[in-house]
Amino acid sequence: MGSKIPRTARLAVIVTMTAALGLAAACGGGAATEPAKNQASGDPASPVTVKFWSWVPNIQKAVDAFNASHPGIKVDLETITAGPDGGYAKMLAGVKAGNAPDVAQVGYDSLPSFLVNGALEDITQYAGDKASTFVDWQWQTGVFGGKVYAIPQASGPMGLYYRKDLFDKWGIEAPKTWDDFAAAAATIRKKDKDAYISTFAANQAPWLISLAQQAGQGWFSTENDAWKVTIDNPDTRRVAEYWQKMLDGKLVKTEADMSNAWYRDLQTGSIVGWIGGSWGDAIIRGNAPKTSGKWAVAPIPQWPGVDKFTSASWAGGSSSAVLKGTKHAAEATTFAVWLNSAPESVNILLSAGYGWPSIKDTSQIANLQKDDTVFPFYGGQNIWDVFKEADAAVDSDWRWPPVSDALYASITDNAKAAVQGEGTLVDAFAKTQQAMVEQLKAKGLNVTTGG
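Residues numbered from 1 in each chain as written. Predicted model: local features only at pLDDT ≥ 70, side-chain atom pairs only at ≥ 80, totals over all residues. Heavy atoms only, no water.

Engineer: Give me the lowdown on the side chain of N414, citing residues and values where you can.
Structural biologist: Counting through the fold element by element, N414 comes out in helix α18 (residues 404-419). Using a relative accessible area of 16% as the deciding quantity, one classes N414 as buried. Sequence-distant contacts of N414, that is, excluding residues within four places in its chain, are made with A428, K431 and T432. (Helix = DSSP H or I, 4+ residues; strand = E, 2+ residues; numbered from the N terminus. Buried < 20%, exposed > 50% of the residue type's maximum accessible area, 1.4 Å probe, protein only. Contact = heavy atoms within 4.5 Å.)

Put into structure tokens, the structure is as follows:
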């Protein structure tokens, strides 16, 4: 027992410093100010190999473009499963074993956990002057205590994908409010007994969290030397009560999204809408190709009493993080910055469905203005206009805890139980709050609660 106390104490210090210094500034503080050194270009005669892990479809095209324009650096891509589905565990194991990739795709929501686990490399000297290139709130997700650990890749601002052809047939306008959404759901059930406006995706913790984020009050914050957990708050309870009514009224289906059954329902018109991230356009295009031209995108419905348009981002987004132990931090940073800011690369990734770009200046991103693959599928609509507005309306004060994996597991388990009749969704969020208090305390942290 005696040997565990020092480790626990050290972890408590690390996490508390992360909370007080890093996360307090993660979405709203100043950028790192240390000037960056010139990024590495490598020696074409003896190129440096940079290992890169990602789950973005078709990202190899961007890697190939980088390699062609940077002969002194050779990036080797390994495609992995999405982070929460096993990729993160593989990364952390690699850091521990000393054979991790140099750069890896890590969600904004998981960067605090990676930092606490000692898995991120400080790249301030190579990237500290790049802040102005990127959207402020996205850049800050990789900054802790004034130091840079990751380059933002893309966010996932939320919107409503819907079958415009069927909405028009049934005389339904794209819902502007959540009350409109519920009314549309009821109309759809009357018009077609086999159709639903959407599914309630209890399998998707990031989706559930984004709904709460859009509603208002945050879930985590820091006060002095303590984490404050406020999951069970009035705004989140309003979300839970709303969706509980939708479930009780059988106005939404209860199958898992991004499942074979869900893909089939998209194709047949049994599911005619989806509240999803900007990268979701590729999900629908790829799995319901015969519905091309029938879809449209609208802003996420709004809650009453909100002064300005408010959105959220599915799990925040993703970064290109430089992992601890790399011997090529400069070259890894050069690649990470180019991948996520060079117009050539961003154009490739946008069509691949990676999300909304993290760069401020999108004037050279041709696919945002004209995309012969995306726009025709959505009836000629420039869907990026919707997501541009949504990204600008994301709550920049939202905090992620250093226990995001436990958060995801808890909210998913509790939501699934509620769908099966074991308590309500209000109970599910309350149980998740208690679980997070216990998780943070188990790490030796001071914790307070509120609502």
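Now that the structure is up, let's keep going.
Engineer: Give a detailed account of the packing of helix α10 (residues 234-248) against helix α19 (residues 425-442), specifying residues and quantitative values.
Structural biologist: Direction vectors running N to C along α10 and α19 enclose 140°, while the axes themselves pass 8 Å from each other. Between α10, through T236, R237, A240, E241, W243, Q244 and L247, and α19, the contact on the second element is made entirely by L425, V426 and F429. Class assignment for the residues of the contact of α10 with α19 results in 6 nonpolar, 2 polar and 2 charged. (Axes fitted to C-alpha atoms, helices over the stretch in contact; angles between N-to-C directions. Nonpolar A, V, L, I, M, F, W, Y, C, P; charged D, E, K, R; others polar.)

Engineer: Describe in detail α19, supporting the description with residues and values.
Structural biologist: Helical geometry note: an α-helix holds 3.6 residues per turn, so side chains three or four residues apart project in the same direction. The terminal C-alpha atoms of α19, which comprises 18 residues, lie 26 Å apart, in line with the 26 Å expected from a rise of 1.5 Å per residue. All buried positions along α19 are accounted for by L425, A428, F429, T432, Q433, M436, V437 and L440. Those residues of α19 hidden inside the fold are in contact with β7 (220-223), β8 (226-229), α10, α18 and β13 (446-449). The opening residue of α19 is T424, an N-cap whose side-chain oxygen sits 3.4 Å from the backbone nitrogen of V426. One or two residues past the end of α19 sits G444, with phi positive at roughly 80°. (Expected span 1.5 Å × (residues − 1). Polar contact = N/O pair within 3.5 Å; in protein donor to acceptor, adjacent residues only side chain to side chain.)

Engineer: Summarise helix α14 (residues 343-352); cite the residues concerned and give the values.
Structural biologist: Listing the buried residues of α14 in full gives S345, V346, N347, L349, L350 and A352. Looking at the packing, one finds that the buried side of α14 touches α2 (60-69), α12 (280-287), α13 (329-341), β12 (356-357), α15 (366-369) and α17 (384-392). Directly beyond the C-terminal end of α14, a positive phi value near 85° is found at G353.

Engineer: Explain the pairing of strand β10 (residues 295-299) to me, and be specific about the residues and the numbers.
Structural biologist: Of all 5 residues making up β10, 4 are buried, and the element is well covered by its neighbours. Examined bridge by bridge, strand β6 (residues 150-163) and β10 share 5 bridges and lie antiparallel to one another. Within β10, the residue paired with G159 across the bridge is P299. (Pairing = 2+ DSSP bridges.)

Engineer: Got a sec to walk through the nonpolar core? Specific residues and values, please.
Structural biologist: One finds W207 and W243 to be the most contacted residues of the largest nonpolar core, which totals 125 residues. If one sorts the elements of this core by residue count, α13 sits on top with 8 residues. Contact partners of W207, with chain neighbours within four places excluded, come to M158, T199, F200, A201, W243, I275 and W314. Core analysis: the next-biggest nonpolar cluster, separate from the first, contains 22 residues, Y88, V106, Y108 and A150 among them. (Core = buried A, V, L, I, M, F, W, Y, C linked by side-chain atoms within 4.5 Å.)

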